[in-house]
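# Summary of structural features
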Amino acid sequence: ELIQRIEEEYPEMTTEFKRIIFTQYELFCMKQDNYGPDNIAAGTKLATDEDVKLSLTGLFFRINDKVQRIKNLIVLGKKDNVGEAVDDTFMDLSVYGIIAQIVKNGHWGK
């Protein structure tokens, strides 16, 4: 009921939200096809708490890289020398957040 009400009240916003989520899922699948699960698992099977901590630490650094990029481009107004669009940076940030949840919940690579 709540979802229907919000979708009716904000049709453009909710449609765009769903479009972006699907685009992120497509990106996730493409990158998964390129890299496989081992890059996030840091070469482990994520079988122990230490393995999970290592993986989440790696994700922390990836997320921090993206936050620093956003800070430099948007907050500080620095020039882009990489050629990665700000939207791509936001997308990567969102996807890494979801990946971190999958790792934490014990479903990565399964």
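Structure shown above.
Here the structure is a predicted model, which is why all the values come from computation and not from measurement.

## Looking at the nonpolar core
- If you look at the biggest cluster of nonpolar residues, it comprises 13 residues, and the most contacted ones within it are I40, L46, L59, I99, V103 and W108.
- Only α3 (38-41), α4 (49-75) and α5 (86-104) provide two or more residues apiece to this core.
- Per-element tally for this core: the top contributor is α5, with six residues.
- Setting aside anything within four residues of it in sequence, one finds I40 in contact with S55, L59, R62, I99, V103 and W108.

## Section: the packing of α4 against α5
- Where α4 meets α5, the closest approach of the two axes is 10 Å, and the angle between their N-to-C directions is 160°. The angle between α4 and α5 falls in the class roughly antiparallel. When the axes of α4 and α5 are compared, the crossing they make is left-handed. Across the interface between the two elements, V52, S55, L56, L59, R62, I63, K66, V67, R69, I70, L73 and I74 of α4 pack against V86, T89, F90, D92, L93, Y96, G97, I99, A100, V103 and K104 of α5.
- Of the residues contributing to the contact of α4 with α5, the split by class is 15 nonpolar, three polar and five charged.

Analysis parameters
- Residues numbered from 1 in each chain as written.
- Predicted model: local features only at pLDDT ≥ 70, side-chain atom pairs only at ≥ 80, totals over all residues.
- Heavy atoms only, no water.
- Core = buried A, V, L, I, M, F, W, Y, C linked by side-chain atoms within 4.5 Å.
- Buried < 20%, exposed > 50% of the residue type's maximum accessible area, 1.4 Å probe, protein only.
- Helix = DSSP H or I, 4+ residues; strand = E, 2+ residues; numbered from the N terminus.
- Contact = heavy atoms within 4.5 Å.
- Axes fitted to C-alpha atoms, helices over the stretch in contact; angles between N-to-C directions.
- Parallel < 35°, antiparallel > 145°, perpendicular 65-115°, else oblique.
- Left-handed = near helix turned anticlockwise from the far one by under 90°.
- Nonpolar A, V, L, I, M, F, W, Y, C, P; charged D, E, K, R; others polar.

Purely spatial values, then, with no claim about function.
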